[in-house]
Amino acid sequence: MTDPVLTDPGQRSAREVFQQLRKHMQPGLALAARISGGGAVESSANGARITLSDGQSLLDFGSYAVTLLGHRHAAVVAAVRDQLDRMTVSSRVLANPATAAAAAALVEYLGGALPRTYFGLNGSDVVEAAVKLARLASNRNRVLAVVGGFHGKTMGALALTHNARYKAGLMPLLPAVTHIAPDDPDAVAREIATGDVAAVVFEPIQGENGVWPLSGDILAKWAGDARRNGVFVIADEIQTGLSRAGEPALAIAAGLPVNAVLVGKALGGGVMPVSALVCDDELYAPLLADPMIHTATFAGNPLACAAASAALDAIDRLTERGREIAATMAFGLAELQRQYGDLVVDVRGQGLLWGLQLASAKLTNEILTTLVKTGLIVSPCMSRPEVLRLLPPLVATDAELAAGLELVDAALNQAATSAAFIASA
Ligand SMILES: Cc1ncc(COP(=O)(O)O)c(C=O)c1O
């Protein structure tokens, strides 16, 4: 009998994809992706859905928080197409209107109090930029980051990331980083007293640490202590910002006296990679004095910036829909916790950023696999393997939200049934 996988052109090319990945990239990731997709690979995507090479359609409530506007949002794609027809990369000797417009749009979207922007491509790029500027502007070296925090995996950003797994074999990284406990209101004051502190960097909700919110009171105390002592306050909202967690920036909405907000992920509208440091003149001072002090070839490229301007406009127009989705998710997930209390230890989150903490990392992995097989993509958490992240896009319809929650319900039900079966055996 002929193997249907070998005769179907889509599946045949999927096999080739896995061969290429195994041979030329990371075999471990290739194997995981092969199991997740049942041998199929990504083929196309639109809105909240991804279509695979075997024709399967999956809901995407994952993509590590990038697709806040879903896939290929029409307004973002149109803006990028338009820019593609004009000019895609800048000479960087001449000024480009797409870059300037994106900076102005971002400053305005974040309320206008932080007037300066530096663009990067990934989140880590702007963490690196923030650390460099803080050290240069303060003439001090030490950066305070928070236990559990995630700020990226490039050498500088990794020093701020807490999880030891990603640092093994790489020490020493930036030596002047101190991790403070999230429940210690006096930590910033105490560290400042011992000297040399340039900045404190935190995520208002630690995304990769299992959607873990930091206390608003403690953040206010840290920020107040820092500012009184001329220490920069930097909110890493690469994951939470731009309305993923329901506000343009959580730190600004909470009235924290931040010098800078970092954004990324959603900024490119799910179409282009782009990130940004948005800050006050004080932190930006080294770049005001010498614009060449921190540069990167593709930073602020017109194509990415065209996507950013269009994305900010689209996100802004969907503010009300975001509130509706947040309420649906809060209600639906609380209901699942009520129903599967033995399996669901906690539900945390707000806006379109939700964490489902399950009874064990093993169960979480099983549920993740079941969900992909049954049609829902969610994201694991890089620093907390017992939490699944549900990150629905602002463009999800009521039917898609209901379908997503039903698939989580069915996966938990299946796990509960097999747990009961094992217990009774
Ligand atoms: C809060 C936060 N900061 C920084 C980063 C690093 O971003 P990137 O992976 O784009 O470099 C991430 C990525 O997950 C993040 O969640």
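Computed from a prediction, not measured in an experiment: that's the story for all the values here.

Focus on the site of the ligand
Okay, step 1: Around the ligand lies a shell formed by N122, G123, S124, F150, H151, G152, E203, E208, D236, I238, Q239 and K265.
Okay, step 2: Taking G123, its main chain carries an N or O atom lying 2.8 Å from an oxygen atom of the ligand.
Okay, step 3: Contact with the protein chains hides 86% of the accessible area of the ligand, taken as 390 Å² for the molecule alone.
Okay, step 4: Residues belonging to the shell around the ligand are distributed by class as follows: two nonpolar, six polar and four charged.

A look at the packing of helix α5 (residues 97–109) against helix α12 (residues 302–317)
Okay, step 1: Taken N-terminus to C-terminus, the directions of α5 and α12 make an angle of 30 degrees; their axes are 8 Å apart at the nearest point. With respect to their mutual orientation, α5 and α12 come out roughly parallel. In the packing of α5 onto α12, the handedness of the crossing is left-handed. Listed contacts from α12 to A98, T99, A101, A102, A105, L106 and Y109 of α5 are P302, C305, A308, S309, L312, I315 and D316.
Okay, step 2: The residue makeup of the contact of α5 with α12, split by class, is 11 nonpolar, two polar and one charged.

Things to note about the domain arrangement of the chain
Many analyses report the size of an interface as the accessible area lost when the parts associate.
Okay, step 1: The domain boundaries assigned to the chain delineate domain 1 (1–39), domain 2 (41–69 + 318–424) and domain 3 (74–317).
Okay, step 2: Each of domain 1 and domain 3 has a C-alpha centre, and these two points are 37 Å apart.

Some thoughts on the packing of aromatic side chains
Okay, step 1: Counted under the stated rule, the structure contains one aromatic pair.
Okay, step 2: When the centroid spacing of 6.4 Å and the interplanar angle of 90 degrees are considered together, the rings of F150 and Y166 count as edge-to-face. Here F150 is found in the loop between β5 (142–146) and α7 (155–160), whereas its partner Y166 is found in the loop between α7 and β6 (177–180), with 16 residues between them in sequence. Accessibility assignment for this pair places F150 and Y166 in one class, buried.
Okay, step 3: Above the plane of the ring of Y166 lies K153, whose end atom (NZ or CZ) is 4.2 Å from the centre.
Okay, step 4: The side chain of R384 reaches across the aromatic face of W212, ending 5.3 Å from its centre.

Quick word on the sheet that holds strand β11 (residues 260–263)
Okay, step 1: Pairing is mixed in the open sheet, where seven strands are placed in the order β4-β12-β11-β10-β7-β5-β6. Each edge of the sheet is formed by a strand with only one pairing partner; in this case those strands are β4 (116–120) and β6. The mean inter-strand angle of the sheet, taken between neighbouring strand axes irrespective of direction, is 20 degrees.
Okay, step 2: By the bridge criterion, three bridges tie β5 to strand β7 (residues 197–202) in an arrangement that is parallel. What sits directly across from R142, in β7, is V197.
Okay, step 3: Sheet strands touched by helix α9 (residues 216–228): β5, β6, β7 and β10 (232–236). Its angle to β10, the strand with the most contacts, is close to 145 degrees.

Some details on the pairing of β10
Okay, step 1: The buried fraction of β10 amounts to five of the five residues, a majority that puts the element mostly inside the structure.
Okay, step 2: Neither face of β10 is exposed, since F232, I234 and D236 on one face and V233 and A235 on the opposite face are all buried.
Okay, step 3: Where β10 and β11 come together, three bridges link them in parallel fashion. Pairing of A235 across the sheet is with V261, part of β11.

Describing the pairing of β6
Okay, step 1: Sheet topology places β5 next to β6; four bridges connect them, and they run parallel. Its bridge partner lying in β6, V146 is registered against I180.
Okay, step 2: Read as a crossover between parallel neighbours, the route from β5 over α7 to β6 is right-handed.

Overview of the pattern of salt bridges
Okay, step 1: As enumerated under the stated definition, the model contains 16 salt bridges in all.
Okay, step 2: Between R348 and D346 there is a salt bridge; the shortest N-O distance is 2.9 Å.
Okay, step 3: The class for D346 is partly exposed, based on a relative accessible area of 25%.
Okay, step 4: Its salt-bridge partner being K362, residue E366 comes within 3.2 Å of it at the nearest N-O pair. Pair noted here: E366 and K362 are both in helix α14 (residues 361–374), with a separation of four residues, about one helical turn.
Okay, step 5: Overall, the relative accessible area of 38% leaves E366 in the partly exposed class.
Okay, step 6: Beyond isolated ion pairs, a larger network of salt bridges with shared partners links D186, K221, D225 and R228.

Things to note about the sheet that holds strand β15 (residues 376–380)
Note on sheets: strands pair through backbone hydrogen bonds, and any given pair is parallel or antiparallel.
Okay, step 1: The seven strands lie next to each other as β1-β2-β3-β15-β16-β14-β13, forming an open sheet whose pairing is mixed. Each having just a single partner strand, β1 (42–46) and β13 (344–350) make up the two edges of the open sheet. Averaged over all adjacent pairs, the angle separating strand axes in this sheet is 30 degrees, with direction ignored.
Okay, step 2: Inspection of the sheet shows β13 paired to strand β14 (residues 353–358) by six bridges, in the antiparallel sense. Residue pairing for β14: V344 is matched across the bridge by L358.
Okay, step 3: Sheet strands touched by helix α13 (residues 319–339): β13, β14 and β16 (387–390). Its angle to β13, the strand with the most contacts, is close to 170 degrees.

Rules used in this analysis
Residues numbered from 1 in each chain as written. Predicted model: local features only at pLDDT ≥ 70, side-chain atom pairs only at ≥ 80, totals over all residues. Heavy atoms only, no water. Near = heavy atom within 4 Å. Polar contact = N/O pair within 3.5 Å; in protein donor to acceptor, adjacent residues only side chain to side chain. Areas by Shrake-Rupley, 256 points an atom, 1.4 Å probe, with all protein chains shown as cover. Nonpolar A, V, L, I, M, F, W, Y, C, P; charged D, E, K, R; others polar. Axes fitted to C-alpha atoms, helices over the stretch in contact; angles between N-to-C directions. Helix = DSSP H or I, 4+ residues; strand = E, 2+ residues; numbered from the N terminus. Parallel < 35°, antiparallel > 145°, perpendicular 65-115°, else oblique. Left-handed = near helix turned anticlockwise from the far one by under 90°. Contact = heavy atoms within 4.5 Å. Domains from an automatic or database assignment. Phe/Tyr/Trp six-rings, centres within 6.5 Å; stacked < 30°, edge-to-face > 60°. Buried < 20%, exposed > 50% of the residue type's maximum accessible area, 1.4 Å probe, protein only. Lys NZ or Arg CZ within 6 Å of the ring centre and 35° of its normal. Pairing = 2+ DSSP bridges. Right-handed = clockwise from strand over helix to strand, strands pointing away. Salt bridge = Lys/Arg side-chain N within 4 Å of Asp/Glu carboxyl O.

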